[in-house]
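Remarks on the overall topology
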Amino acid sequence: MLGEIKGLNEECGIFGVWGHSEAAQLTYYGLHALQHRGQEGAGIVTTDGEHMKLAKGHGLINEVFSQERLDGMTGHSSIGHVRYATSGDGSYENIQPLMFRSQTGGLALAHNGNLVNAQALKNQLEGQGSILQTTSDTEVVAHLIKRAPHLPIDEAIMDALTMVKGAYAFLMMTEDQMFVANDPRGLRPLSLGYLGDSWVVSSETCAFDVIGATYERDIRPGELLVIDNDGVKSKRYSAPIQRTLCSMEYVYFSRPDSNLDGKNVHASRKRMGKSLAKEAPVEADVVTGVPDSSISAAIGYAEQAGLPYELGLIKNRYVGRTFIQPSQELREQGVKMKLSAVRGIVEGKRVVMVDDSIVRGTTSRRIVQLLKEAGAKEVHVRIASPPIQNPCYYGIDTSTSGELIAANNSVKEIEEQIGADSLAYLTPEGLNDAIYQGEDDLNHGGCMACFTGNYPTEIYPNTIPPYEKA
Ligand code: AMP
Ligand code: SF4
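Residues numbered from 1 in each chain as written. Chains lettered and ligands numbered in written order. Predicted model: local features only at pLDDT ≥ 70, side-chain atom pairs only at ≥ 80, totals over all residues. Heavy atoms only, no water.

**Notes on the overall build of the protein**
Basically, it comes down to this: In DSSP terms, a helix is any run of H or I states spanning at least four residues, a strand is any run of E spanning at least two, and both are numbered starting from the N terminus. Burial classes follow relative accessibility: with a 1.4 Å probe on protein chains only, a residue under 20% of its type's maximum area counts as buried, one over 50% as exposed, and anything between as partly exposed. Contacts: residue pairs with any heavy atoms within 4.5 Å of one another. With residues, only the protein chains shown are counted as cover, and all accessible areas are computed by Shrake-Rupley using a 1.4 Å probe.
In terms of regular secondary structure, the protein is built from 17 helices and 21 strands. Put simply, the protein has 470 residues, and 60% of those count as buried. Sequence-distant contacts in the protein: of pairs separated by 6 or more residues, those separated by 24 or more amount to 70%. For the protein, the computed accessible surface area is about 17600 Å², with 49% contributed by carbon and sulfur atoms.

**What about the site of ligand 2?**
Using the following cut-off: We define proximity as follows: a residue is near a molecule or strand when any one of its heavy atoms falls within 4 Å of that partner. Here the nonpolar group is Ala, Val, Leu, Ile, Met, Phe, Trp, Tyr, Cys and Pro; Asp, Glu, Lys and Arg are the charged ones; every other residue, Gly included, is treated as polar.
What surrounds ligand 2 is the set Arg188, Cys246, Ser247, Met248, Cys392, Tyr394, Ile396, Cys447, Ala449 and Cys450. Those elements that provide at least two residues to the shell around ligand 2 are α8 (247-253) and α17 (449-452). Within the shell around ligand 2, the residues separate by chemical class into 8 nonpolar, 1 polar and 1 charged.

**Details of the sheet that holds strand β12 (residues 223-228)**
Counted only if it meets this: By the convention used here, strands pair only if DSSP detects at least 2 bridges between them. Structural elements are reduced to axes, namely lines fitted to C-alpha atoms, with helices fitted over the stretch in contact, and the angle between N-to-C directions of any two is expressed from 0 to 180 degrees.
Taken together, the 6 strands give an open sheet; going across it, the order is β5-β6-β7-β8-β12-β13, and neighbouring strands pair in antiparallel fashion. The sheet is open, and its two borders are formed by β5 (98-102) and β13 (231-236), each paired with just one other strand. Mean inter-strand twist for the sheet, computed between neighbouring axes without regard to direction, equals 20°. Here β12 runs beside β13; their pairing, made up of 6 bridges, is antiparallel. Bridge pairing in β13 places leucine 224 opposite lysine 235. Across the sheet, helix α5 (residues 137-146) touches β5, β6 (105-115) and β7 (166-173), and the angle it forms with β6 is around 135°.

**Some details on the pairing of strand β3 (residues 52-58)**
Pairing between strand β2 (residues 41-47) and β3: 7 bridges, direction antiparallel. By the bridge assignment, glycine 43 is partnered in β3 with lysine 56. Between β2 and the antiparallel strand that follows it, β3, lie 4 residues; glycine 49 among them carries a positive phi value of about 100°.

**Side note on the packing of helix α9 (residues 265-279) against helix α10 (residues 295-305)**
Worth spelling out the cut-off: Any angle from 65 to 115 degrees is called roughly perpendicular, while one under 35 is roughly parallel, one over 145 is roughly antiparallel, and all others are oblique. Helix crossings get a hand from a simple test, with the near helix turned counterclockwise from the far one by less than a right angle marking a left-handed crossing and a clockwise turn marking a right-handed one.
Remark: α9 packs on α10, axes separated minimally by 6 Å, with the N-to-C direction vectors making an angle of 45°. Taken as axis vectors, α9 and α10 run oblique relative to one another. In this structure, α9 crosses over α10, and the sense of that crossing is right-handed. Residues His266, Arg269, Lys270, Gly273, Lys274, Leu276, Ala277 and Lys278 of α9 form the contact with α10, whose own contacting residues are Ser296, Ala297, Ile299, Gly300, Tyr301, Glu303, Gln304 and Ala305. In the contact of α9 with α10, the residues fall into 6 nonpolar, 5 polar and 5 charged.

**Things to note about the site of ligand 1**
Rules: Polar contacts, as used here, are pairs of N or O atoms within 3.5 Å; protein pairs need one atom able to donate a hydrogen and one able to accept it. Residues neighboring in sequence count only if both atoms are side-chain atoms.
Residues in close proximity to ligand 1 total 17 residues, the closest being Asp355, Val359, Arg360, Gly361 and Thr363. Backbone polar atom of arginine 360 to an oxygen atom of ligand 1: 2.8 Å apart, as the coordinates give it. In isolation ligand 1 exposes 500 Å². Once the protein is present, 95% of that is buried. For the shell around ligand 1, the secondary structure elements donating two or more residues are α8 and α13 (362-373). When grouped by side-chain class, the residues that make up the shell around ligand 1 number 7 nonpolar, 5 polar and 5 charged.

**Comments concerning the pattern of salt bridges**
Rule in force here: The salt bridge definition used is simple: a Lys or Arg side-chain nitrogen within 4 Å of an Asp or Glu carboxyl oxygen.
One pass over the full model with this rule turns up 20 salt bridges. Notably, a salt bridge pairs arginine 350 with aspartate 285, separated by 2.9 Å at the nearest N-O pair. Of this pair, arginine 350 sits in strand β19 (residues 350-355) while aspartate 285 sits in the loop between α9 and β16 (286-289); the two residues are 65 residues apart in sequence, bridging distant segments of the chain. Overlapping salt bridges, with partners in common, bring together Arg37, Arg188, Glu204 and Glu249 in one network.

**Some words on α9**
Stated formally: Here the expected length of a helix is defined as 1.5 Å per residue gap, with one fewer gap than residues.
The end-to-end C-alpha distance of α9, which contains 15 residues, comes to 21 Å, matching closely the 21 Å that a straight helix rising 1.5 Å per residue would cover. Listed as buried for α9 are Val265, Ser268, Arg269, Met272, Gly273, Ser275, Leu276 and Ala277. The backbone nitrogen of histidine 266 has a side-chain oxygen 3.2 Å away, supplied by the residue at the start of α9, namely asparagine 264.

**Structural notes on the nonpolar core**
Across soluble globular proteins, nonpolar side chains have a tendency to be buried as a group. What counts is decided by this rule: Only buried residues count toward a nonpolar core, which is a set of Ala, Val, Leu, Ile, Met, Phe, Trp, Tyr and Cys residues joined through side-chain atoms within 4.5 Å.
Formed by 43 residues in total, the largest nonpolar core has its most connected members in Met272, Val287, Val354, Tyr394 and Leu431. Sorting the residues of this core by element identifies α8, α9, α10, β19, α16 (428-436) and α17 as the ones contributing at least two each. Not counting residues within four places of it along the chain, the set of residues in contact with methionine 272 comprises Tyr250, Val251, Ala384, Leu426, Leu431, Ala434 and Ile435.

**Overview of the sheet that holds strand β21 (residues 422-425)**
If you trace the 4 strands from one edge of the open sheet to the other, you get β16-β19-β20-β21, paired in parallel fashion. Only two strands of the sheet have a single neighbouring strand rather than two, namely β16 and β21. For this sheet the average axis-to-axis angle between neighbouring strands, irrespective of direction, equals 20°. Strand direction decides the pairing type here: β19 and strand β20 (residues 378-383), joined by 6 bridges, are parallel. The residue of β20 that forms the bridge with arginine 350 is glutamate 378. Contacts between α10 and the sheet are confined to β16, β19 and β20, with β16 contributing the most and set at about 165° to the helix. Most of the contacts of α13 go to β19, to which it runs at about 155°, and overall it touches β19 and β20.

**As for the pairing of β21**
The alternating pattern of β21 places Ser422 and Ala424 and Leu423 and Tyr425 on opposite faces, both of which are buried. The pairing of β20 with β21 spans 4 bridges and is parallel. Among the inter-strand pairings, histidine 380 is bridged to a residue of β21, identified as serine 422.

Structure representation (structure tokens):
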């Protein structure tokens, strides 16, 4: 008997191309631009209209695909995935895209998000005789689609999507069509663009820039796009409701050169820094950011505070994200390898150290120590998002409640634990204003559940975050 369904799709990146002679090569470049969304596995599926090919493996996109392997991926269209599974089953089968073949044809799926009712649906499917081969929640969706062979595929997909709950950005492909879906709340980012006569879809718009594609629009919440040689058709499988795009995408996860809902991520982070400087000013000499994700917020803080922004910390770019390291001990080691304080800049100074977020507190503690070892007189930590007090059920690994430092400690206690001279966070209102700048249309207000505990979807009584299931 296979294990429990694990949401193994945390924080992934998806990319697809329809109708281009170099589809696989473009998908490779697109996934390369999305590599920050997942470094554990990568895969590409192509179609030439009749046959589909799949290649995938563990590691970074350039480790999985040699030029020779990529050249073998012939076809006019393709979908791809980079995977960030922080815990649980890292097996080959779970690397995406997942590919299913049946008498009615092939179906490839690439998913970013987490389905909160996957386990209940899996039990139901197994009760009806389905045999699931992976522990990925994405396979549940494939089974829901494939068990309705009498329906046209787009209808079968829409039926399946009405049954799954949670957060999902989906790219699916058959021999002759591509399907693009965003959940009814649009929790995860997903954009449509074009390159000449070809259509491209990406988790983030930075991938469009890399391949010279033009952004068209974000996929709407509850929308299914059907793309084939006749063009793009938009269908709706859920009534329009307010979009609650993940705020952590703005805070940390997306690349600064991406636009989410038309808003540039770097500019949003800068506004977060400015709001933080207004909410939590401090007497200091210099402002520094933690490379790379908090540089934008640190620049905003410095600008607002009228203090010099300096490179007080340098990152060695050849060390992976600290978060990926499995143990606390290794994580601490990772931070040490990854960052150095610049003595010439911080020595004798009162330093404001801006970071985008605190999860476990490991990074902040280590950085305060690094800055003090390099001679900083005072270190004032300013966090450009509110305290993360609740787990995420929607595909971002913000750790288990037990590990979230802010779930169990007051700001004062965290300040002591990380050894800072002072610590302050941005308020939820400050974050919301920095992102949405008072917009009052339907898009106003993203998901802030990990900060506020106010989850935008139903959370099933037995829903536990994917990373707690491992
Ligand atoms: P920690 O050391 O556990 O407090 O991690 C905090 C650092 O991890 C911050 O500096 C963020 O840049 C980064 N971070 C925040 N959220 C996540 C996440 N969901 N996955 C990976 N890294 C994250
Ligand atoms: Fe994003 Fe937090 Fe909402 Fe999860 S709970 S989707 S990390 S804002």
